[in-house]
Amino acid sequence: MRTLCVTSGKGGVGKTTLSVNLGIAMARAGRRVLLLDGDLGLANLNVMLGVIPRFTIQDVVRGQKTLDQIVIQTSYGISLAAGATGIAELADLGEEERENVIRGLEGLRGYDVLIIDTGAGIGDNVVRFVLAADDVLIVTTPHPTALTDAYGIIKTVLTHESRAIKLIVNSVTSIRDARSAADRLTGVTSKFLNGTLECIGYIPFDSLVEKSIMKQQPHLVLHPTSTSAQRMQEAAMRLIGGQVADSKPGLGRFLQKLLGQ
Ligand SMILES: Nc1ncnc2c1ncn2[C@@H]1O[C@H](COP(=O)(O)OP(=O)(O)OP(=O)(O)O)[C@@H](O)[C@H]1O
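Computed from a prediction, not measured in an experiment: that's the story for all the values here. (Residues numbered from 1 in each chain as written. Predicted model: local features only at pLDDT ≥ 70, side-chain atom pairs only at ≥ 80, totals over all residues. Heavy atoms only, no water.)

Re the packing of aromatic side chains
Which entries qualify depends on this criterion: The criterion for an aromatic pair is that two Phe, Tyr or Trp rings (for Trp, the six-membered ring) have centres within 6.5 Å, with stacked assigned to planes under 30 degrees apart, edge-to-face to planes over 60 apart and tilted to the rest. Ring-over charges, as used throughout, are those where CZ of Arg or NZ of Lys falls within 6 Å of the ring centre and within 35 degrees of the ring normal.
Within the structure shown, the criterion is met by 0 aromatic pairs. Its end group placed over the ring of Phe-55, Lys-65 keeps NZ or CZ at 4.5 Å from the ring centre.

Details of the environment of Leu-158
Spelled out, the test is: Helical segments are the DSSP runs of H or I of at least four residues, strand segments are the runs of E of at least two, and each set is numbered from the N terminus.
Checked against the element boundaries, Leu-158 lands in helix H7 (residues 144-160). For the pair formed by Leu-158 and Asn-194, sequence separation is 36 residues and the distance between their alpha carbons is 5.7 Å.

Description of the sheet that holds strand E6 (residues 135-140)
For clarity, the cut-off: Each pair of strands is called paired provided DSSP finds at least two bridges between the two strands. The contact criterion used throughout is that any non-hydrogen atoms of two residues lie within 4.5 Å. As a rule, the C-alpha atoms of each element are fitted with a line to give its axis, helices using only the stretch in contact, and angles between N-to-C directions run from 0 to 180 degrees.
Sheet architecture is open: 8 strands sit in the order E3-E4-E2-E5-E1-E6-E7-E8, paired in mixed fashion. The strands lining the two open edges of the sheet, one partner per strand, are strand E3 (72-73) and strand E8 (196-204). Taken together, the 4 bridges between strand E1 (residues 2-7) and E6 define a ladder with parallel strand orientation. Opposite Thr-7, over in E6, you have Ile-138 as the bridge partner. Each of E1, strand E2 (33-38), strand E5 (113-118) and E6 is contacted by helix H6 (residues 124-132), which is oriented at about 140 degrees to E1, the strand it contacts most. Contacts between H7 and the sheet are confined to E1, E6, strand E7 (164-172) and E8, with E6 contributing the most and set at about 165 degrees to the helix.

A word on the pattern of salt bridges
Put simply, the test is: When a carboxyl oxygen of Asp or Glu lies within 4 Å of a side-chain nitrogen of Lys or Arg, that pair is called a salt bridge.
Tallied over the full model, the rule gives 5 salt bridges. The salt bridge partner of Arg-163 is Glu-161, with a shortest N-O separation of 3.1 Å. Taking the shortest distance from any N to any O, the salt bridge between Glu-234 and Arg-231 comes out at 3.3 Å. Remark: Arg-231 and Glu-234 occur in helix H11 (residues 227-240); sequence separation between them is 3 residues, near one turn of the helix.

Things to note about the site of the ligand
Defined as follows: By convention in this text, a residue qualifies as near a molecule or strand provided that one of its non-hydrogen atoms is within 4 Å of it. Polar contact criterion, stated in full: a pair of N or O atoms within 3.5 Å, where within protein one must be able to donate a hydrogen and the other to accept it, and residues adjacent in sequence count only if both atoms are side-chain atoms. Here, Shrake-Rupley sampling with a 1.4 Å probe gives the accessible areas, and only protein chains in the shown set may cover a residue. Residues are sorted three ways: Asp, Glu, Lys and Arg are charged, Ala, Val, Leu, Ile, Met, Phe, Trp, Tyr, Cys and Pro are nonpolar, and all the rest, Gly among them, are polar.
The environment of the ligand is made up of 17 residues, and the closest members are Thr-16, Thr-17, Asp-206, Glu-210 and Ile-213. One of the backbone nitrogen or oxygen atoms of Val-13 is found 3.1 Å away from an oxygen atom of the ligand. Interatomic distance of 2.9 Å between a backbone N/O atom of Asp-206 and a nitrogen atom of the ligand. Within the complex, the protein chains bury 82% of what would otherwise be the 640 Å² of accessible surface of the ligand. For the shell around the ligand, the secondary-structure elements that each account for two or more residues are helix H1 (15-28), E7 and helix H9 (207-214). Grouping the constituent residues of the shell around the ligand by class yields 7 nonpolar, 7 polar and 3 charged.

Notes on H9
The N-cap of H9, judged by a side-chain oxygen 2.8 Å from the amide nitrogen of Leu-208 a few residues on, is Asp-206. Following H9 by one or two positions, Gln-216 adopts a phi angle in the positive range, close to 55 degrees.

By themselves these figures say nothing about function.
Take a look at the structure:
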């Protein structure tokens, strides 16, 4: 199983929208996908998928359930581990709670891809998820503030270790502006930081995306032939192209990094 962390720095740029739709595209390509709500402050993946979870990550932290037991099979071919609101920072978990999360995650079976949708910002939880994951996807819009915040999280990651990071520019209204935004970000990354940033797609601004969210159904399901849905599909294929879908040790490494002091 490979872990993919979707993050952005700035909030409201489309992390959750893309986590859901990229996951569905991967599932359609035959991958067994689990979406984990890594926003431990304000979880909302379940809202976007229109499901009401009976159990959440909070039950795993308390040791009352394993992660497997809280997973919901959605009708879109992907599974969901719903988040709770207001969980403490992972760094603040007590020894027992930490053990509960490790046990909960170790019980996971039968997935090829674990997609973690993080919260906004570069707080401790976000950084932990990002550093623990095999693959990191940064979502930004072409707006200067989003780009600045995206650079902030890229810098944080690459200060810890050299790696290849992926980028999607979302809510694009001009392909020229989007390209120039991506070029600027990839340029400063390779010039000043210890790693690489590769842009894997531009997703157009599309009012149908917003409509799908209002209906609490995935955009790829409601509007599969729209250009925005097709771009999401293509980005998902770029993400899974070349990935080897196995490796239990991958999860062990993820856990070690996630919960290490
Ligand atoms: N390509 C797009 N075209 C139009 N609207 C979009 C697009 N992508 C996302 N949106 C809209 O942007 C808003 C924020 O999206 P989303 O909740 O996915 O962002 P987020 O980064 O996960 O936010 P948060 O930081 O609060 O978790 C939503 O209302 C969504 O409909």
